[in-house]
Amino acid sequence: MPINTGDVLKNQYKVCRKLGWGHFSTVWLCKNLYKNGPKYVALKICKSAPMFTAVANDEIRLLQETRTVNPNHVGYKNIVQMVDTFKLISENGVHNAISLEIMGPSLLHLLMQSDFRGIQVAAVRRIIFQVLRGLTYLHEECHIIHTDIKPENILIKVDENYIKKLIGQMERFSEMGVDLPRSYVSSEFWTKQESSLHDSEEDIIPRFGEHRASSYPGNMYFSEMTNYRERHSQTDFSTPMWVSPNIEIKIADLGNACWVDHHFSPEIQTRQYRALEVILGAGYSYPADLWSIGCLAFELATGEMLFSPKGSSEHSANIDHLCLIWETLGGIPKYITETGTEFKKYFANGHLKDVPADNLRIWKIEDVLVEKYKWKRLDAIPFASFLSSLVEPDPALRATSSQALNNEWLLSTDI
Ligand code: ADP
Ligand code: MG
């Protein structure tokens, strides 16, 4: 539905600028004209086709649950909460609108700002700690599986000054007649002194704007990101950029979430963050989210994805993905290779079918950190052990979010 800046929706929300979009929606920064409630909100306006409406209705029910179950839980504040929900009518039909706590850029923007070098370990620890706390709330109190933990769904908390700056910037650009990319999110969040950014703002806007504008979450988006990384393969990835260790984050986008006892789809998660049991069709539960957090932690620390499978078809991408998991974990237990509806397509007698053993090169996380990312062995050992507890092939043995919160690596302080 056409939305323009300056529109007032529900006689309450004045549209200031676009914040982002996804498969199901566009998200707008709005000023709340009422005295009650937060001054600014992110308004998610969902598409009107029946399929999208059904998905939005589920998302609203899930958000309703997270908003009400236990606001006193420590993880409550690490979930982006719904403020209000209402319906908008357009010539296309009825659109669900969800107003949410307003947040800043996502962790993907942070990774981009680091030029995919990764961020300071102290900040990674702080981010992962908060993600785990949020998940503890979702899992243990709300009985919800997020199913789509990845950098773009973890949003950074910002203050009112930042939001005002965002709005002011929009006005400046429109006065200058600049044609903004659809997803423009400020690059001012980390000042140039604070980060190792050397690009000028003019340079960043079209490059990252194009990058997002032409792509929806999914394959196309990720192939673009891979290209971006390949273009930068000459860069020294060993120096993490500086980022404030006081960063605060929240988990966003319950658009793909489900109830532990009521799944909406057998296929979940964005490819690179997809748990082994999901690939094998072996059913899934809370542990699938913990696998994704392992992938997320590695990516934040190194700037590169832990698993980045290639393949033009679902089948070939699955084979590549299983090879990468095999190489990184040093194998997959035979009993796991015999679970799920899909295992016979990929495994025979505990080994990857059609993949000669000579083609697999075991390269465990600890060694990858030391050899590729130049970590000190003493730092790599506890981090690799933390990651291994999450990227554990057997979901029954994988750390739960509460257990992961007590991991030695997470509790150590070098801030
Ligand atoms: P979809 O379910 O359609 O994928 P998301 O909930 O992921 O939609 O939102 C799409 C984009 O909108 C996000 O990637 C982010 O850039 C932006 N966004 C979503 N929620 C917020 C929020 N609460 N505050 C700020 N930006 C948001
Ligand atoms: Mg999304």
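Each chain carries its own residue numbering, running from 1 in the direction its sequence is written. Whichever chain is written first becomes A and whichever ligand is written first becomes 1, with later ones labelled in order. Confidence filtering applies because this is a predicted model: local features only for residues at pLDDT of at least 70, side-chain atom pairs given and counted only at 80 or more, and all residues used for totals across whole chains, interfaces and linings. Working from all heavy atoms in the structure, the side-chain values ignore hydrogens and water.

**Student:** How should I be thinking about the nonpolar core in this particular structure?
**Tutor:** In this description, a nonpolar core means a group of buried Ala, Val, Leu, Ile, Met, Phe, Trp, Tyr and Cys residues linked to one another through side-chain atoms lying within 4.5 Å. Three labels apply to residues, based on accessible area from a 1.4 Å probe with only protein chains included: buried if under 20% of the type maximum, exposed if over 50%, partly exposed otherwise in between. Among the nonpolar cores identified, the biggest contains 107 residues, and I128 and F386 are the most heavily contacted of them. When residues in this core are grouped by element, the largest group, ten residues, is from helix α8 (residues 287–302). Grouped together as the second largest cluster of nonpolar side chains are twelve residues, I3, Y13, V41 and F86 included. In this description a helix means any DSSP run of H or I spanning at least four residues, a strand means any run of E spanning at least two, and both kinds are numbered starting from the N terminus.

**Student:** In this structure, what is going on with the packing of α8 against helix α12 (residues 377–390)? I would like to understand it.
**Tutor:** Axes are the key here: two packed helices are described by the angle between their axes and the distance separating the axes. Only C-alpha atoms enter the line fits that serve as axes; for helices the fit covers just the stretch in contact. Angles between N-to-C directions range over 0 to 180 degrees. Packing of α8 against α12 leaves a shortest axis separation of 7 Å and a crossing angle of 150 degrees. Here α12 runs roughly antiparallel to α8, going by the angle between their axes. In this structure, α8 contributes L290, W291, I293, G294, A297, F298 and A301 to the contact, and α12 contributes F383, F386, L387 and L390. Of the residues belonging to the contact of α8 with α12, the class tally is ten nonpolar, one polar and no charged. Any angle that is under 35 degrees is reported as roughly parallel, and any over 145 degrees as roughly antiparallel; angles of 65 to 115 degrees are reported as roughly perpendicular and all others as oblique. When checking whether two residues touch, look at their non-hydrogen atoms; a contact exists if any pair is within 4.5 Å. Classification used: nonpolar for Ala, Val, Leu, Ile, Met, Phe, Trp, Tyr, Cys and Pro, charged for Asp, Glu, Lys and Arg, polar for all others including Gly.

**Student:** Help me understand the environment of E140, please; the structure alone is not making it clear to me.
**Tutor:** Structurally, E140 can be placed in helix α3 (residues 121–141). Classification of E140 by relative accessible area gives partly exposed; the value is 40%. Taking C-alpha positions, E140 is 10.0 Å from T400, a pair spaced 260 residues apart along the chain. Each residue touching E140, except ones within four places of it in the same chain, is listed here: L135 and S402.

**Student:** Mind showing me how you'd approach the environment of L329 here?
**Tutor:** On the secondary structure map, L329 appears in helix α9 (residues 314–329). Separated by 223 residues in sequence, L329 and S106 have C-alpha atoms that sit 29 Å apart. Setting aside anything within four residues of it in sequence, one finds L329 in contact with K364, V391 and P393.

**Student:** Whenever I open this one, the UniProt feature "binding site: ATP" (unreviewed entry) in the protein confuses me. Can you help?
**Tutor:** UniProt positions are given in the numbering used here, feature names are shortened, and annotations may be inferred rather than shown by experiment. Taking the numbering used here, the UniProt-annotated feature "binding site: ATP" (unreviewed entry) corresponds to K44. Relative to the helices and strands, K44 is located in strand β4 (residues 40–46). Setting aside chain neighbours within four positions, we find K44 in contact with S25, T26, V27, E59, N96, A97, I98, L100 and D253. As used in this structure description, the phrase polar contact means that two N or O atoms lie within 3.5 Å; if the pair is within protein, one of them must be able to donate a hydrogen and the other to accept it, and residues adjacent in sequence are counted only when both atoms belong to side chains. At 3.1 Å, the side chain of K44 and the side chain of E59 are in polar contact.

**Student:** So what exactly am I meant to see when it comes to the packing of α3 against α8 here?
**Tutor:** Between α3 and α8, the least distance of the axes is 10 Å, while the angle of their chain directions is 165 degrees. Considered as vectors, α3 and α8 are oriented roughly antiparallel to each other. Two packed elements cross with a definite hand, and for α3 against α8 that hand is right-handed. Within the contact between the two elements, α3 uses V124, I127, I128, V131, L132, L135 and H139 and α8 uses D289, L290, I293, L296, A297, L300 and A301. For the contact of α3 with α8, the class distribution of residues is twelve nonpolar, one polar and one charged. Each crossing gets its hand from how the near helix is turned against the far one by less than a right angle, where anticlockwise is left-handed and clockwise is right-handed.

**Student:** Got a minute to help me understand the site of ligand 1 in this structure?
**Tutor:** The cutoff for a nearby residue is simple: one of its non-hydrogen atoms must lie within 4 Å of the molecule or strand. Close to ligand 1 lie 18 residues, the nearest being S25, K44, E101, M103 and D253. Take F24: an N or O atom from its main chain is 3.1 Å from an oxygen atom of ligand 1. The contact in question runs from an oxygen atom of ligand 1 to an N or O atom on the side chain of K44, over 2.7 Å. Accessible surface area values rest on a Shrake-Rupley calculation with a 1.4 Å probe, where residue burial reflects the displayed protein chains alone. Contact with the protein chains hides 91% of the accessible area of ligand 1, taken as 550 Å² for the molecule alone. Secondary-structure elements contributing two or more residues to the shell around ligand 1 are β2 (13–21), β3 (25–32), β4 and β6 (93–101). The residue inventory of the shell around ligand 1, partitioned by class, reads ten nonpolar, five polar and three charged.

**Student:** So what exactly am I meant to see when it comes to the pairing of β3 here?
**Tutor:** Walk down a regular strand and you will see the side chains alternate between the two sheet faces. Most of β3 is tucked away: six of the eight residues are buried. Looking at chain direction, β2 and β3 are connected through seven bridges and run antiparallel. Across the sheet, the residue bridging to V15 is C30, located in β3. For two strands to be treated as a pair, DSSP must find no fewer than two bridges joining them. Counted along the chain from β2 to the antiparallel partner β3, the turn is three residues long. Taken together, the seven bridges between β3 and β4 define a ladder with antiparallel strand orientation. Opposite L29, over in β4, you have A42 as the bridge partner.

**Student:** Any chance you could explain the packing of aromatic side chains here in plain terms?
**Tutor:** Each aromatic ring pair is described using two quantities: the centre-to-centre distance and the angle formed by the ring planes. What counts as a ring pair is set by centres within 6.5 Å for rings of Phe, Tyr and Trp (its six-membered ring), and what kind of pair is set by the plane angle: stacked under 30 degrees, edge-to-face over 60, tilted for all other angles. Inspection of the entire model under this criterion finds eight aromatic pairs. With a centroid separation of 5.7 Å and 10 degrees between ring planes, the pair formed by Y13 and F86 is classed as stacked. Residue Y13 is located in strand β2, and its partner F86 is located in strand β5 (residues 82–90); the two are separated by 73 residues in the primary sequence. Since its relative accessible area comes to 1%, Y13 is described here as buried. Look at F86 and you get buried, because its relative accessible area is 9%. Aromatic side chains Y76 and Y137 sit 5.6 Å apart centroid to centroid with 75 degrees between the ring planes, which places their arrangement in the edge-to-face category.

**Student:** Any chance you could explain α3 here in plain terms?
**Tutor:** Two residues of an α-helix separated by three or four positions point the same way, owing to the 3.6 residues in each turn. Taking 1.5 Å as the rise per residue, α3 with 21 residues should run 30 Å; its terminal C-alpha atoms sit 29 Å apart, in good agreement. Within α3, 16 of the 21 residues are buried, leaving the element largely enclosed by the surrounding structure. Multiplying one less than the number of residues by 1.5 Å gives the expected span of a helix.

**Student:** Would you mind going over the pattern of salt bridges with me for this structure?
**Tutor:** A side chain with one charge can pair with a side chain of the opposite charge if their charged atoms come near. Any carboxyl oxygen of Asp or Glu that lies within 4 Å of a side-chain nitrogen of Lys or Arg is treated as forming a salt bridge with it. Under the criterion given, the structure shown has 18 salt bridges. A salt bridge links E277 to R398, with the shortest nitrogen-to-oxygen separation between them at 2.8 Å. Pair noted here: E277 is in helix α7 (residues 276–279) and R398 is in the loop between α12 and α13 (401–405), with a separation of 121 residues, a long-range link. Here E277 falls in the buried class, since its relative accessible area comes to 4%. R398 sits in the buried class, given a relative accessible area of 3%.

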